Amino acid sequence: MNELVALELGRRAIEVTLMMCAPMLVTALVVGLVISVVQALTQINEVTLSFVPKILAVFGALVVTGPWLISTMLSYTVNLFNALPSMVR
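Residues numbered from 1 in each chain as written. Predicted model: local features only at pLDDT ≥ 70, side-chain atom pairs only at ≥ 80, totals over all residues. Heavy atoms only, no water.

### Points about a nonpolar patch on the surface
Thought 1: Together, Val26, Leu29, Val30, Val34 and Val38 make up a nonpolar patch on the protein surface, roughly 430 Å² of accessible area in all.
Thought 2: The residue valine 26 is located in helix 1 (residues 3–42) in this model.
Thought 3: In this structure valine 26 comes out as partly exposed when scored by relative accessible area, which is 47%. (Patch = residues over 30% accessible without salt bridge, like charges linked within 9 Å, V, L, I, M, F, W, Y side chains within 5 Å. Areas by Shrake-Rupley, 256 points an atom, 1.4 Å probe, with all protein chains shown as cover. Salt bridge = Lys/Arg side-chain N within 4 Å of Asp/Glu carboxyl O. Helix = DSSP H or I, 4+ residues; strand = E, 2+ residues; numbered from the N terminus. Buried < 20%, exposed > 50% of the residue type's maximum accessible area, 1.4 Å probe, protein only.)

### Focus on helix 2 (residues 47–87)
Thought 1: When the terminal C-alpha atoms of helix 2 are compared, their 50 Å separation across 41 residues is substantially less than the 60 Å that a helix rising 1.5 Å per residue should span.
Thought 2: At threonine 65, helix 2 shows its largest bend, some 60°, and a proline, proline 67, comes one to four positions later.
Thought 3: Turning to helix 2, its buried residues are Ser50, Ala57, Ala61, Thr65, Gly66, Leu69, Thr72, Tyr76 and Met87.
Thought 4: Looking at the buried side of helix 2, the elements it contacts are helix 1. (Expected span 1.5 Å × (residues − 1). Bend = angle between axes of the 7 residues up to and from the residue. Contact = heavy atoms within 4.5 Å.)

### Here's the deal with helix 1
Thought 1: Taking 1.5 Å per residue, 40 residues should reach 58 Å; helix 1 reaches 56 Å between its end C-alpha atoms and fits that length.
Thought 2: Of all the bends in helix 1, the greatest reaches close to 40° and is centred on alanine 22; the proline proline 23 follows between one and four positions later.
Thought 3: By the burial criterion, the buried members of helix 1 are Val16, Met20, Pro23, Met24, Val31, Gly32, Ile35 and Gln39.
Thought 4: Structurally, helix 1 contributes buried residues whose contacts are with helix 2.

### Comments concerning the nonpolar core
Thought 1: Residues Val16, Met20, Met24, Ala61, Leu69 and Tyr76 constitute the largest nonpolar core, which totals six residues.
Thought 2: Among the elements of the structure, helix 1 and helix 2 are those that each provide at least two residues to this core.
Thought 3: Each residue touching leucine 69, except ones within four places of it in the same chain, is listed here: Met20, Met24 and Leu62. (Core = buried A, V, L, I, M, F, W, Y, C linked by side-chain atoms within 4.5 Å.)

Treat this as a map of the structure, not an account of what it does.
As structure tokens, this is what we get:
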């Protein structure tokens, strides 16, 4: 295995990781922003008011995108295992 193959494996692993984290992170960002605006408008500073909706929204995003996450991870793993024989000399 040369350096280019190792770099490509690392790049693909980071790419898949970011793709799999993105739905939950974007959901938490949007919900957190909405809750923060509501808290600023109503001047209610309660920690659980922002924490609980974010957890529920991230769980919902995980349920909705779960099949896609599993298929993405499965295809990445299968491709990685299929490429193993060509990496070993």
